[in-house]
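Notes for the structure review
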Protein chains: 2
Amino acid sequence: MKYSEINLFEGISEEDVNRMAICFGAKVKKFREGATVCDYSDTGDDVGVMLEGSASMIRTDENGEVAVMELFSAGDIFGEVLAFSNEAGDSVKVVAESECEVMFIKYGQITKRCEKACEPHSRLVSNMFGLIAKKTLSLSQRIEILSKKTTRDKLMYYFQILAKRYGEEFDLPMSVTMLAAYICADRSAMTRELSRMQVDGLIEMNKKRIKLKKVA
Amino acid sequence: MKYSEINLFEGISEEDVNRMAICFGAKVKKFREGATVCDYSDTGDDVGVMLEGSASMIRTDENGEVAVMELFSAGDIFGEVLAFSNEAGDSVKVVAESECEVMFIKYGQITKRCEKACEPHSRLVSNMFGLIAKKTLSLSQRIEILSKKTTRDKLMYYFQILAKRYGEEFDLPMSVTMLAAYICADRSAMTRELSRMQVDGLIEMNKKRIKLKKVA
DNA sequence: CTCAAAATGTTGCAAATGCAACATATATTT
DNA sequence: AAATATATGTTGCATTTGCAACATTTTGAG
């Protein structure tokens, strides 16, 4: 792929990108759908940047309870140092949702001064700052959603975010089952609530197509 | 205060810090307890770095529902661009929990190349990268907590985080009322659950002093 | 196309939670 | 020290939710 298409390398020549790959200890890997991009039990301090495709971060606790922690698409950044301290020792993995390409960078190399003090290096740090800022934004957004008390409020808030992005009529960017995991609700309870929301005239829903009818 | 004590300026001389303050359009302000550090309805793109003291980000929705979104102490970084898209138009403020000192930086100035390509500038960007990485970590942790389905699980997970940090016996870093807001639960329901947890021998609690008795 | 697997839809029921309303305790101000 | 505001503790009750169990539909592999 052309690296220059991705934010991360904005303003950096392809030549310099390749040069930096060494200075950063960067490696690009491809994964097919369903493959494990990384397992947080053994990644160390690597930071991953999604260059192409999409993936999701899945936590499975000791009871087999599955939760979608994050969703990643091109330009998103992830890694254990950017995630959480896995207190409970749950299994946490990043799984490819589609075929994807990921660049892994040693975290220590990012903030460490490049001996050559190369311009592209600091440029990349700047760019990465932008990516991670975007990440905090989406994490905050997720917290906003989860902070709502009822399932209905969670859904409405999420739908409003989507509506703002794609218009009042949009497609769910994930499966319904995944949506339940995303808002941390029971799937059947969520489905039930979605029905009620249609009855109450808040939304219209047909498969993944959703139309937001009210803004409150 | 001595700026060199704070991560943000690690490896940068005090002299350079002052020089950069101009190049970054940085301003340091002090706030007394209870004062509004910033209101997300009119901050624009400023990024705040907490130099001293602590503050909390509070959201109040149209129903007067109050939620603690984040807690900030020295070294923490915050700002609208690092937060969320306030879809519902709720009131969101950062309020000083104690007397505090905050440095405000124009977000655009951070990633923008410094004309003088000054070394300290890129150094600071590196440092800020570290701060924001720490932020994503605490946000992720909060999501972990909120993703638990029952109040008991939320509390236990949070207590485990605290226990890991301070030992199995520790003081709550916030009031009980605030804790309820933090885990997004009803205060009375949470208090009830805390009682049950004591009866069930999971914790011992005396005022803000908590002892974690089991790890599950 | 056929079949199996995964996703989705539905329902009853028990448990958890939010809410309101109140009592008590602690902190802060004057 | 008194008065006021704020924080904390408690309880009944209606609602929401999770859970289990099952039916139906869609998807994907062969």
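Here the structure is a predicted model, which is why all the values come from computation and not from measurement.

How each quantity is defined
Residues numbered from 1 in each chain as written. Chains lettered and ligands numbered in written order. Predicted model: local features only at pLDDT ≥ 70, side-chain atom pairs only at ≥ 80, totals over all residues. Heavy atoms only, no water. Axes fitted to C-alpha atoms, helices over the stretch in contact; angles between N-to-C directions. Helix = DSSP H or I, 4+ residues; strand = E, 2+ residues; numbered from the N terminus. Parallel < 35°, antiparallel > 145°, perpendicular 65-115°, else oblique. Contact = heavy atoms within 4.5 Å. Nonpolar A, V, L, I, M, F, W, Y, C, P; charged D, E, K, R; others polar. Buried < 20%, exposed > 50% of the residue type's maximum accessible area, 1.4 Å probe, protein only. Near = heavy atom within 4 Å. Polar contact = N/O pair within 3.5 Å; in protein donor to acceptor, adjacent residues only side chain to side chain. Domains from an automatic or database assignment. Buried area = accessible area lost by both parts, 1.4 Å probe. Salt bridge = Lys/Arg side-chain N within 4 Å of Asp/Glu carboxyl O. Pairing = 2+ DSSP bridges. Least-squares fit on C-alpha atoms with pLDDT ≥ 70 in both.

This next bit is on the packing of helix H1 (residues 14–23) of chain B against helix H3 (residues 119–147) of chain B. Residues and elements named next belong to chain B. Interhelical geometry of H1 versus H3 gives an angle of 85 degrees and a closest axis separation of 10 Å. The angle between H1 and H3 places the two elements in the roughly perpendicular class. Contact residues: H1 offers Asp16, Met20 and Cys23, while H3 offers Pro120, His121 and Leu124. For the contact of H1 with H3, the residue count by class is four nonpolar, one polar and one charged.

On to the environment of A:Ser54. Residue and element names in this part refer to chain A. Here serine 54 is to be found in strand S4 (residues 54–60). For serine 54, a relative accessible area of 22% translates into the label partly exposed. The spacing of serine 54 and glycine 75 is 21 residues in sequence and 9.8 Å in space, taken between C-alpha atoms. If we ignore the near neighbours within four places in the chain, the residues touching serine 54 are Phe72, Ser73, Ala96, Glu97, Ser98 and Cys100.

This part covers the protein's contact with DNA strand C. DNA strand C sits among 20 residues. The nearest are A:Thr177, B:Thr150, B:Thr151, B:Arg192 and B:Lys207. A:Thr177 is positioned with one of its side-chain polar atoms (N or O) 2.4 Å from a phosphate oxygen of DNA strand C. A:Arg187 places a polar side-chain atom, nitrogen or oxygen, 3.0 Å from a base oxygen of DNA strand C. Secondary structure elements with two or more residues in the surface near DNA strand C: helix H5 (176–182) and helix H6 (187–199) of chain A together with helix H6 (187–199) of chain B.

For the rest of this paragraph, the subject is the domain arrangement of chain A. Residues and elements named next belong to chain A. Domains assigned within chain A are domain 1 (3–138) and domain 2 (148–212). If you look at the interface, domain 1 gives four residues, while domain 2 gives four residues. Of the roughly 420 Å² buried between domain 1 and domain 2 on both sides combined, carbon and sulfur atoms contribute 78%. It is Val68, Leu71 and Glu97 in domain 1 that bury the most area against domain 2; as a group they hold 78% of the surface buried on that side. Counting across the domain 1 and domain 2 interface gives zero salt bridges. There are zero residue pairs in polar contact (both at pLDDT 80 or more) connecting domain 1 and domain 2. Taken together, the residues of the side of domain 1 that touches domain 2 sort by class into two nonpolar, one polar and one charged.

Moving on: the sheet that holds strand S8 (residues 100–106) of chain A. Residues and elements named next belong to chain A. The four strands lie next to each other as S1-S8-S3-S6, forming an open sheet whose pairing is antiparallel. Both outer strands of the open sheet, strand S1 (27–31) and strand S6 (77–79), are each paired with one neighbouring strand and no more. On average, adjacent strands in this sheet sit at an angle of 30 degrees to one another, irrespective of strand direction. Direction of pairing for strand S3 (residues 46–52) relative to S8: antiparallel, over a ladder of six bridges. Within S8, the residue paired with glycine 48 across the bridge is phenylalanine 104.

In the vicinity of DNA strand D, 20 residues are found, and the nearest of them are A:Thr151, A:Arg192, A:Lys207, B:Thr177 and B:Arg187. Considering DNA strand D, the proportion of its atoms within 4 Å of the protein that are sugar or phosphate atoms stands at 42%. At 2.6 Å, a backbone N or O of A:Thr151 approaches a phosphate oxygen of DNA strand D. Within the surface near DNA strand D, the residues separate by chemical class into four nonpolar, eight polar and eight charged.

Residue and element names in this part refer to chain A. H6 packs onto helix H4 (residues 151–166) with a crossing angle of 70 degrees between their chain directions and a minimal axis gap of 10 Å. Put simply, H4 runs roughly perpendicular to H6. Of the residues in H6, those in contact with Thr151, Arg152, Leu155, Met156 and Phe159 of H4 are Met190, Glu193, Leu194, Arg196 and Met197. Class assignment of the residues belonging to the contact of H4 with H6 gives a composition of six nonpolar, one polar and three charged.

A word on the relation of the copies chain A and chain B. Between the two copies, chain A and chain B, the superposition gives an RMSD of 0.1 Å; the rotation angle is 180 degrees and the shift along the axis is 0.0 Å. When the rotation and shift are considered jointly, the pair of chain copies conforms to a two-fold rotation axis. Both copies contact each other with a shared surface, as 100% of the interface residues of chain A are interface residues in chain B too.

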